[in-house]
There are 4 protein chains.
Amino acid sequence: MLRFDSDYMEVCHPAILQRLSETCLDKYPGYGEDDCCASAADKIRTACGMPRAQVTFTVGGTQTNDIVIDALLRPYEGVVAAQTGHIAAHEAGAIEHSGHKVLTLPGKDGKLMAHTLEDYLKTYFADENHEHMVRPGMVYISHPTEYGTLYTKGELEALHECCKRYGLPLFLDGARLGYGLAGRDTDVTLPDVAALTDVFYIGGTKVGAMFGEAVVFTGVPMPAHMVSIKKQHGGLLAKGFLLGIQYDVLFTDGLYMQISQNAVDRAMEVRELLLGKGYELLIDSPTNQQFVILPDEDLARLREKVSVAFWEKVDAKRTAVRFATSWATTPEQIRALAALL
Amino acid sequence: MLRFDSDYMEVCHPAILQRLSETCLDKYPGYGEDDCCASAADKIRTACGMPRAQVTFTVGGTQTNDIVIDALLRPYEGVVAAQTGHIAAHEAGAIEHSGHKVLTLPGKDGKLMAHTLEDYLKTYFADENHEHMVRPGMVYISHPTEYGTLYTKGELEALHECCKRYGLPLFLDGARLGYGLAGRDTDVTLPDVAALTDVFYIGGTKVGAMFGEAVVFTGVPMPAHMVSIKKQHGGLLAKGFLLGIQYDVLFTDGLYMQISQNAVDRAMEVRELLLGKGYELLIDSPTNQQFVILPDEDLARLREKVSVAFWEKVDAKRTAVRFATSWATTPEQIRALAALL
Amino acid sequence: MLRFDSDYMEVCHPAILQRLSETCLDKYPGYGEDDCCASAADKIRTACGMPRAQVTFTVGGTQTNDIVIDALLRPYEGVVAAQTGHIAAHEAGAIEHSGHKVLTLPGKDGKLMAHTLEDYLKTYFADENHEHMVRPGMVYISHPTEYGTLYTKGELEALHECCKRYGLPLFLDGARLGYGLAGRDTDVTLPDVAALTDVFYIGGTKVGAMFGEAVVFTGVPMPAHMVSIKKQHGGLLAKGFLLGIQYDVLFTDGLYMQISQNAVDRAMEVRELLLGKGYELLIDSPTNQQFVILPDEDLARLREKVSVAFWEKVDAKRTAVRFATSWATTPEQIRALAALL
Amino acid sequence: MLRFDSDYMEVCHPAILQRLSETCLDKYPGYGEDDCCASAADKIRTACGMPRAQVTFTVGGTQTNDIVIDALLRPYEGVVAAQTGHIAAHEAGAIEHSGHKVLTLPGKDGKLMAHTLEDYLKTYFADENHEHMVRPGMVYISHPTEYGTLYTKGELEALHECCKRYGLPLFLDGARLGYGLAGRDTDVTLPDVAALTDVFYIGGTKVGAMFGEAVVFTGVPMPAHMVSIKKQHGGLLAKGFLLGIQYDVLFTDGLYMQISQNAVDRAMEVRELLLGKGYELLIDSPTNQQFVILPDEDLARLREKVSVAFWEKVDAKRTAVRFATSWATTPEQIRALAALL
């Protein structure tokens, strides 16, 4: 079975396992107070072009969103997001479990546009009853979005400016950030992300690590007592050095960007294969996720040999599915797919 | 100044103050374990035609919604509501504070239609990733809705049947229930509400009482330990007998329905006045709330002498406002309004 | 049946009902934005000798504790209290429902002593692992305490100074504040309470009102967006003017202190009766609550004619019970009790 | 520097890294729905002698406690624990963040004794006001405790019986379970733990794994929708197969017990060294944690070459510290310690 279900199917990049094996029986202090975390944070600051950024490490995406949002909001505030945003749709109520409403706005191909945000904020503050409505306290976007789309630098600038005007931190969910930065034709770099958001994270779980997300505070200070905050949310890893070790490897010699590029290159090959077969794309994604509409018969035949992710029913006879490549996808796997399509 | 801002502007119906004055220095046990609460609950059961219904009293609407919803859901479940539902839009995050997501669906004039609910539930359970999405655990509607509209008996039956099929309790917010039951041309009675929902409440705050909501469980058992649940939510009134006394008065000799009728009759007079002046209604409400679109100039002139509630900007030159009548609105006040329009 | 169970058994002071009756059909704006609330707040500021204090009104004690504590703490902070404190023992988990731990310390007759607090804080901050333990964010005391005891002015000063040193707001639960200020031999006045705490409340529910607590911020600013915060906790009363009206009456012509004095005077008579009969007191209370140890036989006989509150089993043959007087207790009721003892 | 600070200082047992390396680029389904998790669960059921037990995997201890407790309790219920229990003292408020009170009872050397529990439950249910107090919904113990002590089989039986009588699930925190089962002179086996509790977990983070806890439900069914529950708490690992792989290795050929035994053997050597030097133990622990009282001068000298964990100040001149061994501690390290003491 060829597997293109998701980008978190392999253990991790071999270089990480290599490093772990070398240090297997060494002893590290707990909870992230080790040299590996410090070194990884330094390398991330350098890659971001932000020498004063504050970096902290967490285990997974939903956990990270929950921790950052609960740390930045007052209890009565909510977080603004596109309706399709991960925190709105696919986190099983983690944000609400911490007491916050996700204030959803219509998006465009998964993206929250500055004018939509601006209209909402204007309307909210103009409403005489707004104290009875959940107060917007920050803005959440994902890059790439849940639909594999990317903000342009101009779009990020517009969002950033709007947030600044209303005093709202802009938080970017980068669970797949590498695949966004390596996206075809994107004009957004890591330093751009760092400069145009207030806090964001660099996803590891889906981009080469076993697990881990690196949260970077650039425009707002990291809240005090992050150890307590993470622990209260069940997100403080005892062996925090495992996060440091992984990010230290990923941010050495450009490995993170290099393996991200592989995923996108392979995805573009998948895309060409699908278009070549005459299939229609559900959405135009320049990243490692490709969404294609298949006649149900073709899909049934395909699924005998290839696993892909169900996305949505398009109509009575057609279904949209997702092909996801990863840092680990090989040209051989693409050739095998070509042979099966 | 003539005031039509809302239906919770007066202290309470004089019959309630009369009863309170008579019993002012008598001594009652606390927390609702008094004879007045028992008597009021009996009268409510009779009015509902449900001798085995369970009744408990709370102080206000948002509190009641929070308590009922948190008592019926498991922590990981959410409550389904129309986008315009009070719990979704105007409760400052009370439901989320108790950890639950409000799962919003598009409504029709403020109403949640059975086919919309059905479609959503079908799609939810068909989604292979639905365990990552908040699970629907109950359904919330309001009657009248936030737009003053009413469900027909057929619409309630369809909702009830859909909820039954999916095993979801149907909860009806009746903060203005009297004004709904007295609504023009409605075919829904109090026994219908009792039979076609699983739990609902009979609003007192807006319908004659100083404060208070009577929660009636008909289709599902009242959760055990309601005293603890109410107290944990800050909603256990020490002098619970005040709630019993008020509801006992309201449900004696049909007072509740009689004063509700007054509000609707007065509202229909307001409606005729507005239509007679050539104004357009924003929405067609058969209840005590009338929503009218006014040119901004007319509104400015009107507001010098009459207070009404801002509802929304319709366009650059016109605004929708709400006229609310209540159990206390008098024919004289309507005549005074007529003179001013 | 003579009733001495609690101090929240009567509707309210007749002067309040009188005022409500006079204004029964007047129209007020909602949610506390009315002149009565403003007037009552002014009178409270004057009584406190604190012209710049900020005042807001809530419905009941548990709700007030929940709202004030959640408004002042960060989510990862806890509130320090004596083990016997109301928030620790008798609020059904309301504080935890808002996500906060109650950090309990041993008390002395229900009081939290400054040296106990100081020791705890020193130990907490000296512990190398303190970021893994809930951080103390404020201190809660009650006056009178749950045992009817009172802080001396010196004890309050010591607590206040300790809190200041550690930057922790000191919050005083005054659900029975009147009965404390009128307590026998107390040297603590309302201006003392205002000066020696950062926020406190003046209980109405148990001291003459139907319901209501007046929260006074003196040493810390009232958090922004209290309307939203109260609503989110289910504690925003639609007819907020009812709170303003009641407090306006209670703080006119010294009524609050005058009726508080009555309760304490009657309690002292109860105390003399009990001591005169040779009974032992469980605790020495100078306020409206008297705790006495009775042989079970005597108690059984007494309870045929007098209702009192169970407090605790003292040993196999004796039980401690509470006699509570109130603003409404009359000399006749004391004489009747004397005849029955 | 010799390090005896804790038992979570090394990456993991080499056999786990070996297996991860072999499978590094294989593809697994996400969220624990893989064959490794199924295989590991089978081996755990066998080791427990409980063919019908239900097993699920989580990442860390605090997270596990939070998830299990929130999954088993109703929102208004609390969890009973010894005052020194990890959930009461060292989880930064994680349990309260999910809305639950930790109901603490005095322990004996870190253990909750059945008679203490019984007394508390009797008193709670006998209290006429118990609906105002947080209802006990389950009981938490740890084995080994935070003080390295162990329950005897008789003590577990007594607790189990008491819990059964009151209908309360008994939950055993086994973050260090291996070190307890390998404890000197213990009469408690893994099948005993499985039979005498309702749910427990087998700690991996501290016993050979990189991270991971295996939760085993034996006496109560695993709550439905654990995927949603874990995700809502930020504890659903995308690459769940990493947990399955690690536990599969640990439960193959008795590795888990074998490496646990090493830690205890080394700890006993540390103990003999300390006693041989004439030092007094703070507590008598038969497990991998040894608590010793050192004169501050000796401690200062020791800390130049050996890192240990601060435990508490015993008096002005002496401090208690913890020596922790682990599965990775070698005889050479003990010899090096001997040379330094």
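Heads up: these notes are all about the structure in this document. Not measured: the values here are computed from a predicted model.

Time to look at the overall build of chain A. From N to C terminus, chain A includes 14 helices and 13 strands. Computed over the C-alpha atoms, the radius of gyration of chain A is 20 Å, within 12% of the 20 Å expected from 2.2 N^0.38 for a compact globule of 341 residues. By principal-axis analysis of the C-alpha atoms, chain A measures approximately 60 × 55 × 35 Å. Within the span of chain A, comprising 341 residues, buried residues form 66% of the whole. Residue pairs in contact within chain A that sit at least 24 positions apart in sequence constitute 72% of those at least 6 positions apart.

A few words on the relation of the copies chain C and chain B. Of the transformation placing chain C onto chain B, the axial shift is 0.0 Å and the rotation is 180°, giving an RMSD of 0.0 Å. With respect to symmetry, the two chain copies, as superposed, fit the operation of a two-fold axis. Looking at chain C, 100% of its interface residues are interface residues in chain B too, so the copies touch through the same face.

In this section: the interface of chain A and chain D. Interface size is commonly expressed as the accessible surface area that is lost when the partners come together. The partner chain D presents 49 residues to the 49 residues of chain A that form the contact. Of the roughly 4,200 Å² buried at the junction of chain A and chain D (both faces included), carbon and sulfur atoms supply 62%. Three residues stand out in chain A for area buried against chain D, namely Lys27, His97 and Lys239 of chain A, and they jointly supply 18% of the buried area on that side. Applying the counting criterion to the chain A and chain D interface returns 2 salt bridges. Linking Glu10 of chain D and Lys27 of chain A is a salt bridge whose minimum nitrogen-to-oxygen distance equals 2.5 Å.

Turning next to unusual backbone geometry. Cis geometry marks the peptide bond from His143 of chain B to Pro144 of chain B; its omega dihedral reads -5°. Residue placement: Pro144 of chain B occurs in the loop between strand E5 (135-142) and helix H7 (153-166). The phi dihedral of Tyr31 of chain A falls on the positive side, at around 60°, and the residue is not glycine. When its relative accessible area of 23% is taken as the criterion, Tyr31 of chain A is described as partly exposed. Backbone geometry at Ala92 of chain A places phi at a positive 55°, although glycine is not the residue there.

Our focus in this paragraph is the sheet that holds strand E12 (residues 309-313) of chain D. Two strands in a sheet stick together by hydrogen bonds in their backbones, pointing the same way (parallel) or opposite ways (antiparallel). Residue and element names in this part refer to chain D. Taken in spatial order, the 4 strands make up an open sheet running E9-E10-E13-E12, and their pairing is antiparallel. The open sheet has two edge strands with one neighbour each: strand E9 (280-281) and E12. Bridge count for strand E10 (residues 289-295) against strand E13 (residues 318-324) is 7 bridges, and the pairing is antiparallel. Looking at E13, one finds that Ile293 is bridged to Ala320. Here helix H12 (residues 255-276) sits on the sheet and contacts E9, E10 and E13; the angle it forms with E10, its principal contact strand, is near 20°. Packing against the sheet, helix H13 (residues 296-303) makes contact with E10, E12 and E13, and its axis sits at approximately 120° to E10.

The next thing to look at is the packing of helix H12 (residues 255-276) of chain A against helix H14 (residues 331-340) of chain A. Residue and element names in this part refer to chain A. Across the interface, H12 lies against H14 with an axial gap of 10 Å and an inter-helix angle of 10°. Classified by the interaxial angle, the pair formed by H12 and H14 is roughly parallel. Contacts between H12 and H14 pair Arg266, Glu269, Val270 and Leu273 from the former with Pro331, Ile334, Leu337 and Ala338 from the latter. Per-class residue counts for the contact of H12 with H14 are 6 nonpolar, no polar and 2 charged.

Residues and elements named next belong to chain A. Applying the stated rule across the entire model yields 58 aromatic pairs over all chains. Judged by centre distance (6.3 Å) and plane angle (40°), the rings of Tyr120 and Tyr124 are tilted. Of this pair, Tyr120 and Tyr124 both sit in helix H6 (residues 114-126), 4 residues apart, which is roughly one turn of that helix. Counting every residue linked through ring pairs, the aromatic cluster contains Phe57, Tyr247, Phe251 and Tyr256. Here Lys111 stacks its cationic end above the ring of Tyr151, 5.8 Å away from the centre of that ring.

This part covers the sheet that holds strand E5 (residues 135-142) of chain C. All names here are of chain C. What the 7 strands build is an open sheet, ordered E2-E8-E7-E6-E5-E3-E4; its pairing is mixed. Two strands lie at the open edges of the sheet, namely strand E2 (54-58) and strand E4 (102-105), each paired on one side alone. Strand after strand, the sheet turns through a mean of 25° between neighbouring axes, direction not considered. Relative to strand E7 (residues 199-203), strand E6 (residues 170-173) runs parallel, the two sharing 2 bridges. Along E7, the bridge assignment pairs Leu172 with Phe200.

Listed per partner, the contact involves 49 residues of chain C and 49 residues of chain B. In total, chain C and chain B occlude about 4,200 Å² of area from one another, counting both sides; carbon and sulfur atoms represent 62% of this. Among the residues chain C hides against chain B, the three largest losses belong to Lys27, His97 and Lys239 of chain C. Together they make up 18% of the total. Here chain C is connected to chain B by 2 salt bridges. There are 23 residue pairs in polar contact (both at pLDDT 80 or more) connecting chain C and chain B. Contributing elements (two or more residues each) for the side of chain C that touches chain B: helix H1 (14-22), helix H3 (61-72), helix H5 (94-97), helix H10 (226-232) and helix H11 (241-250) of chain C. Element by element, the count of residues in the side of chain C that touches chain B is highest for H1 of chain C, at 4 residues. Tallied by class, the residues present in the side of chain C that touches chain B amount to 24 nonpolar, 17 polar and 8 charged.

A few words now on the side chain of Lys111 of chain B. Residues and elements named next belong to chain B. Inspection of the secondary structure puts Lys111 in the loop between strand E4 (102-105) and helix H6 (114-126). The class for Lys111 is buried, based on a relative accessible area of 9%. Among the polar contacts listed, one links the side chain of Lys111 to the backbone oxygen of Leu150, at a separation of 2.9 Å. What Lys111 contacts, discounting residues up to four positions off in sequence, is Thr145, Thr149, Leu150, Tyr151 and Glu155.

The transformation that overlays chain A on chain D combines an axial shift of 0.0 Å with a rotation of 180°, and the residual RMSD is 0.0 Å. Of all interface residues in chain A, 100% are interface residues in chain D too; the two copies therefore contact each other through one and the same surface.

As a further point, take the environment of Val215 of chain C. All names here are of chain C. Position of Val215 among the secondary structure elements: in strand E8 (residues 213-217). On the accessibility criterion, Val215 (1% relative accessible area) is buried. It is 17 Å that separates the C-alpha atoms of Val215 and Ile95, two residues lying 120 residues apart in sequence. Residues within four places of Val215 in sequence aside, it is in contact with Gln54, Val55, Thr56, Thr58, Thr64, Val68, Val199, Phe200 and Tyr201.

To continue, consider the packing of helix H2 (residues 35-48) of chain C against H11 of chain C. The angle between the axes and the distance between the axes are what describe a pair of packed helices. Residues and elements named next belong to chain C. Two numbers describe how H2 lies on H11: the axes approach to 7 Å, and their chain directions differ by 40°. When the interaxial angle is binned, H2 and H11 end up oblique. Crossing hand, H2 versus H11: left-handed. Seen from H2, the contacting residues are Cys36, Cys37, Ser39, Ala40, Lys43 and Ile44; seen from H11, they are Phe241, Gly244, Ile245, Tyr247 and Asp248. Considered class by class, the residues forming the contact of H2 with H11 number 7 nonpolar, 2 polar and 2 charged.

The subject of this paragraph is the pairing of strand E3 (residues 77-82) of chain D. All names here are of chain D. Where burial is concerned, most of E3 is hidden: 6 out of the 6 residues are buried. Of the two faces of E3, the one carrying Glu77, Val79 and Ala81 and the one carrying Gly78, Val80 and Ala82 are both buried. In this structure, E3 lies alongside strand E5 (residues 135-142), joined through 4 bridges in parallel fashion. Bridge pairing in E5 places Val79 opposite Met138. Two strands pair when backbone bridges link them, and E3 and strand E4 (residues 102-105) are joined in this way by 4 bridges, in the parallel orientation. Of the residues in E4, the one forming a bridge with Val79 is Val102.

Cut-offs applied
Residues numbered from 1 in each chain as written. Chains lettered and ligands numbered in written order. Predicted model: local features only at pLDDT ≥ 70, side-chain atom pairs only at ≥ 80, totals over all residues. Heavy atoms only, no water. Helix = DSSP H or I, 4+ residues; strand = E, 2+ residues; numbered from the N terminus. Rg over C-alpha atoms; globule rule 2.2 N^0.38 Å. Buried < 20%, exposed > 50% of the residue type's maximum accessible area, 1.4 Å probe, protein only. Contact = heavy atoms within 4.5 Å. Least-squares fit on C-alpha atoms with pLDDT ≥ 70 in both. Buried area = accessible area lost by both parts, 1.4 Å probe. Salt bridge = Lys/Arg side-chain N within 4 Å of Asp/Glu carboxyl O. Pairing = 2+ DSSP bridges. Axes fitted to C-alpha atoms, helices over the stretch in contact; angles between N-to-C directions. Parallel < 35°, antiparallel > 145°, perpendicular 65-115°, else oblique. Nonpolar A, V, L, I, M, F, W, Y, C, P; charged D, E, K, R; others polar. Phe/Tyr/Trp six-rings, centres within 6.5 Å; stacked < 30°, edge-to-face > 60°. Lys NZ or Arg CZ within 6 Å of the ring centre and 35° of its normal. Polar contact = N/O pair within 3.5 Å; in protein donor to acceptor, adjacent residues only side chain to side chain. Left-handed = near helix turned anticlockwise from the far one by under 90°.

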